[in-house]
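Residue-level structure breakdown
Given next are the chains, with one letter for each unit.
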Amino acid sequence: MGKFVGFRQAITLLLDKCGNNPFRFSIGVFVFGVVLSVILYFSDDRLKDGYFSGIFVEFAGMLFDIAVFGLLIAFLTQRRSVRIEIERLQEIIDDFKKWQSEEAKFRIAGAIRRINKLGQTKIDFRGIILSDFVFAFHGIKNLNGSVFAAGHRFDDEKSSGTVLTNVSFRDVCAKECDFSVNAAAPFLDGLRGVNLDFFNAQVGGSKFENANLEWDSVRVDLEDWGEFVSEDDEDQGIYIQTYFPAFDRADLDKVSFVGSRLKCADFRGAKNIMNADFTGVCGLDTCFFDEGVLDSILEKRNQK
């Protein structure tokens with residue numbers, strides 16, 4: 001009786017694993033069938049002459065069905081299950097994106113990680129209100145293609161009014177993202193961002209059009225970027241850098257700030273900044289750039 005129970009448990013476990021990954025199971029059946037057919041073919045010389053007749057024809061047909069229909073159906077089933085799971089996780093983000101609570105942040109972060117594990121980086125954050133959040137801290141490294149603000153939606157108020165406060169995209173890959181669009185229609189909602197951090201972020205090709213971006217804790221002088229820690233053996237002060245400009249080491253290649261309103265944005269240390277589009281930007285005189293960059297931007301803008 002015990003052996004029967006153990007056998008039944010083993011069969012149940014096998015069926016559960018097959019159900020969790022039907023694509024891999026179909027491949028396993030196919031490989032097993034091929035191996036078995038080869039063993040039978042070489043096990044008895046009498047089978048070789050009539051291998052492609054009778055039962056072996058049926059067996060070969062079965063292998064063909066597994067290869068063509070079994071694998072195809074398994075592939076489509078797996079794709080469908082992944083799509084359904086991504087939609088479910090996106091619904092979690094939609095449910096919590098206006099909550100502004102610690103629980104909501106962890107639920108959103110968990111949903112993002114699971115979506116990434118399913119092979120998708122494009123996530124709909126439209127209408128999210130998020131503060132004091134560090135994507136890298138939650139193990140989130142890739143947001144390529146995500147959408148944060150795409151104008152006002154009269155038919156869906158929950159997807160309007162994106163506000164990000166003290167949110168860090170540090171070390172995150174966020175290429176081709178729509179942080180804010182619809183610059184041609186200034187009456188529509190764009191991203192409202194306060195003290196955003198893009199240190200060492202990859203944001204090439206992203207859009208900040210019609211966005212309102214401001215910073216209130218910029219350290220203007222380089223000597224204020226570090227803090228005293230201790231003294232060395234020669235009584236020389238040891239300092240560590242505690243301030244990093246918002247776009248320091250960020251790749252701004254083909255980034256669009258068209259029509260945006262900037263206040264105290266710190267672009268010092270940004271990469272490929274001359275490939276960014278600052279057409280129609282307000283507040284450039286309040287921003288901080290490496291030496292000569294602002295003059296080059298204004299000259300380039302006047303040539304258009």
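Refer to the structure presented above.
Residues numbered from 1 in each chain as written. Predicted model: local features only at pLDDT ≥ 70, side-chain atom pairs only at ≥ 80, totals over all residues. Heavy atoms only, no water.

**Let's talk about the overall build of the protein**
Along the backbone of the protein there are six helices and nine strands. Taking the intrachain contacts of the protein between residues at least 6 apart in sequence as the baseline, contacts between residues at least 24 apart amount to 59%. Roughly 17,700 Å² of accessible area belongs to the protein as shown, and the carbon and sulfur atoms make up 56% of that amount. (Helix = DSSP H or I, 4+ residues; strand = E, 2+ residues; numbered from the N terminus. Contact = heavy atoms within 4.5 Å. Areas by Shrake-Rupley, 256 points an atom, 1.4 Å probe, with all protein chains shown as cover.)

**A few points about the side chain of Lys-105**
Tracing the backbone shows Lys-105 in helix α5 (residues 102-117). When neighbours within four sequence positions are excluded, Lys-105 is seen to be in contact with Leu-130, Ser-131, Asp-132 and Phe-133.

**Side note on the sheet that holds strand β1 (residues 129-134)**
The strands that make up a sheet are held in pairs by hydrogen bonds between backbone atoms, and each pair lies either parallel or antiparallel. Strand order in this open sheet of five strands is β1-β2-β4-β6-β9, and the pairing throughout is parallel. Two strands in the sheet have a free side with no partner beyond their single neighbour: β1 and β9 (261-263). Across the sheet, the mean angle separating the axes of adjacent strands is 10 degrees when strand polarity is ignored. The pairing of strand β6 (residues 212-214) with β9 spans three bridges and is classified as parallel. Directly across from Glu-214, in β9, lies its bridge partner Lys-263. (Pairing = 2+ DSSP bridges. Axes fitted to C-alpha atoms, helices over the stretch in contact; angles between N-to-C directions.)

**Considerations on the nonpolar core**
Counting 54 residues, the largest nonpolar core has Leu-143 and Phe-267 as the members making the most contacts within it. Of all elements in the fold, only α4 (55-96), α5, β1, β2 (163-168) and α6 (293-302) reach the threshold of two or more residues within this core. Once residues lying within four places of it in the same chain are set aside, the contact partners of Phe-267 are Phe-247, Leu-252, Phe-257, Leu-262, Ile-273, Phe-278, Cys-287, Phe-288 and Phe-289. (Core = buried A, V, L, I, M, F, W, Y, C linked by side-chain atoms within 4.5 Å. Buried < 20%, exposed > 50% of the residue type's maximum accessible area, 1.4 Å probe, protein only.)

**Topic: the pairing of β2**
Looking along a regular strand, one sees the side chains alternate between the two faces of the sheet. In this sheet, β2 lies alongside β1 in parallel orientation, the contact comprising five bridges. Following the sheet pairing, Leu-130 is matched in β2 by Leu-164.

**Considering α5**
The periodicity of an α-helix, 3.6 residues per turn, causes residues three or four places apart in sequence to face the same way. The terminal C-alpha atoms of α5 lie 23 Å apart, and with 16 residues this matches the ideal 22 Å at 1.5 Å per residue to within 8%. Turning to α5, its buried residues number three or more, namely Ala-104, Lys-105, Ile-108, Ala-109, Gly-110, Ala-111, Ile-112 and Ile-115. (Expected span 1.5 Å × (residues − 1).)

**Concerning the state of the cysteines**
Within this structure, the stated rule accounts for zero disulfides. Free of any disulfide, Cys-177 has its nearest neighbouring cysteine sulfur in Cys-173, separated by 8.3 Å. Taking relative accessible area as the criterion, Cys-177 reaches 0% and is therefore assigned buried. (Disulfide = S-S within 2.5 Å.)

**Things to note about the side chain of Ser-146**
Mapped onto the secondary structure, Ser-146 falls in the loop between β1 and β2. Here Ser-146 falls in the buried class, since its relative accessible area comes to 0%. At 3.0 Å, the side chain of Ser-146 forms a polar contact with the backbone oxygen of Thr-121. At 2.9 Å, the side chain of Ser-146 forms a polar contact with the backbone oxygen of Leu-143. Sequence-distant contacts of Ser-146, that is, excluding residues within four places in its chain, are made with Thr-121, Lys-122, Ile-123, Phe-125, Cys-177 and Asp-178. (Polar contact = N/O pair within 3.5 Å; in protein donor to acceptor, adjacent residues only side chain to side chain.)

**Some points on the pattern of salt bridges**
Close approach of charged atoms allows side chains of opposite charge to pair. Taken as a whole, this structure holds eight salt bridges when the rule is applied. Across the pair Asp-124 and Arg-126 runs a salt bridge whose closest N-O atoms are separated by 2.8 Å. The salt bridge partner of Arg-268 is Asp-266, with a shortest N-O separation of 2.7 Å. In terms of burial, Arg-268 and Asp-266 fall into one category: buried. (Salt bridge = Lys/Arg side-chain N within 4 Å of Asp/Glu carboxyl O.)

**A look at the environment of Val-218**
With respect to the element layout, Val-218 can be found in the loop between β6 and β7 (226-231). Here Val-218 falls in the partly exposed class, since its relative accessible area comes to 22%. With 70 residues separating them along the chain, Val-218 and Phe-288 place their C-alpha atoms 9.1 Å apart. With residues near it in sequence (within four places) discarded, Val-218 still touches Tyr-243, Cys-264, Asp-266, Arg-268 and Phe-288.

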